[in-house]
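Okay, here's what each chain looks like letter by letter:
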Amino acid sequence: MTLPLHQRAVVADTHNDLLMAVSARPPQQWASFFRERWLPQLQDGGVDLQVLPVFIDDQYRPEGALRQTLRMIECAHVLAEGNPDHVSLCLDAGDIDRALDAGKIALVLAMESMPGIDANVELISTMHRLGVRVASIAHFGRTPLADGSGEDDTGSRLTSHGVEALREIERLGIIFDVSHLGASGVAHVLELATRPVIATHSSARALRDHHRNLTDDQLRAIAANGGVICVNFFAPFLAEREEDMTLDRLLDHIEHIVSVAGIDHVGLGPDFIREVMDDLTPPCCEDVHTRGVDPKKAIPGLEGPTGLPMVTEGLLARGLPEKDVMQIIGGNVRRLFGELL
């Protein structure tokens, strides 16, 4: 039973890799697979605004990265066109408002790391024409634009192409995503940025010392920039021990980021990866590990979007005012998108 507050609120999820699973099917199944597998979960979870990242797996890099990028973008368009009564692919704030007013899920396309573009920064404009409205320039490792957080020991800032990419992203009105970017890269972006940024799926390093999380200084800097930090639900980024990978631990991260960055600068970026990995991983290879973390680990009940009301209920149970909870679960992201798109 979904909580009344959760039903009233705009619920925004800024990172769900479902396009990886949907696009792995034959194109003629894209719309129906989304409708049968993912749409019910989004609806049960009360999701109103869903960011769809285009993430290119290693098997496509480097030669096939651009082709797979285009294929996944086409997949997003096809699944939206095939389910017009339920979802709408949105290009600006007006599109988002119209989708929400019509009771549809507003979909927003994002690019994660942009391996299909690399140093060809002029192609960011092409991606914008195709509907991309959020973008990051690194993942775990090194790209021609910047180093990801897995390369923090290099102390590397953005490359000259990375600086050019940031300027182009801002010129086009795309929202710059600092999640996955190395620490020195985050600082460099915040020095140069003329618009608020977003961290689409990052948690608190003060509570879990992992390079994918943000330090308190970074949280304060993103808030000062006017941006929003969307908390990652991925269990290994929340706690080191499996017994500590709980809803309470996730709520601790949310409350910590609120205490550091302020209530106006926190959102949700769940990164529901377990089902995506189940869909993509053959039975022969079930022990998949990514950069030292197991993608199959999840908070009980929060393996997918259906569990999102648990977060709302948990925040209310901790005594947060309803207004604050509504900001965290989607209000802040909707405001940011309204200002920037």
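As the structure is a computational prediction, the values presented were derived from the model and not from experiment.

## A short note on the confidence of the model for the chain
Thought 1: The share of residues in the chain with pLDDT of 70 or more is 95%, and the mean pLDDT across the chain is 93.
Thought 2: Overall, residues 283-289 carries pLDDT values under 50, and its contacts beyond four positions in sequence, including any with other chains, amount to 8 contacts.

## A closer look at helix α14 (residues 322-340)
Thought 1: End to end, α14 covers 26 Å across 19 residues, agreeing with the expected 27 Å (1.5 Å per residue, within 8%).
Thought 2: Along α14, the largest kink reaches about 65° and is centred on Ile328.
Thought 3: For α14, the set of buried residues is Val325, Gln327, Ile328, Ile329, Gly330, Asn332, Val333, Leu336, Phe337 and Leu340.

## As for the packing of aromatic side chains
Two aromatic rings, taken as a pair, are described by how far apart their centres are and by the angle between their planes.
Thought 1: Under the defined criterion, the tally for this structure stands at 2 aromatic pairs.
Thought 2: With centroids separated by 5.7 Å and ring planes inclined at 90°, the aromatic side chains of Phe233 and Phe272 adopt a geometry described as edge-to-face. One end of the pair, Phe233, is in the loop between β8 (228-231) and α10 (235-238); the other, Phe272, is in the loop between β9 (266-268) and α12 (274-280), and 39 residues separate them in sequence. Of the two residues, Phe233 and Phe272, neither departs from the other in class, the shared state being buried.
Thought 3: With 4.8 Å between their ring centres and 85° between their planes, Phe234 and Phe237 make a pair best called edge-to-face. Assigned by exposure class, Phe234 and Phe237 land together as buried.
Thought 4: In this structure, Arg25 is placed above the aromatic ring of Phe33, and the distance from its NZ or CZ to the ring centre is 4.4 Å.

## Side note on the layout of surface pockets
Thought 1: In this structure, the second largest pocket occupies an estimated 220 Å³ of space.
Thought 2: Taken together, 16 residues line the second largest pocket, and the ones lying closest to its centre are Val47, Asp48, Gly103, Lys104 and Ile105.
Thought 3: Its residues assigned to classes, the lining of the second largest pocket shows 6 nonpolar, 6 polar and 4 charged.

Conventions adopted
- Residues numbered from 1 in each chain as written.
- Predicted model: local features only at pLDDT ≥ 70, side-chain atom pairs only at ≥ 80, totals over all residues.
- Heavy atoms only, no water.
- pLDDT = per-residue confidence, 0-100.
- Contact = heavy atoms within 4.5 Å.
- Helix = DSSP H or I, 4+ residues; strand = E, 2+ residues; numbered from the N terminus.
- Expected span 1.5 Å × (residues − 1).
- Bend = angle between axes of the 7 residues up to and from the residue.
- Buried < 20%, exposed > 50% of the residue type's maximum accessible area, 1.4 Å probe, protein only.
- Phe/Tyr/Trp six-rings, centres within 6.5 Å; stacked < 30°, edge-to-face > 60°.
- Lys NZ or Arg CZ within 6 Å of the ring centre and 35° of its normal.
- 1 Å grid on protein atoms, 1.4 Å probe; cavity = no way out; pocket = protein on both sides within 12 Å on 5 of 7 lines; lining within 4 Å.
- Points joined across faces, edges and corners; volume = space filled by probe spheres on them.
- Nonpolar A, V, L, I, M, F, W, Y, C, P; charged D, E, K, R; others polar.

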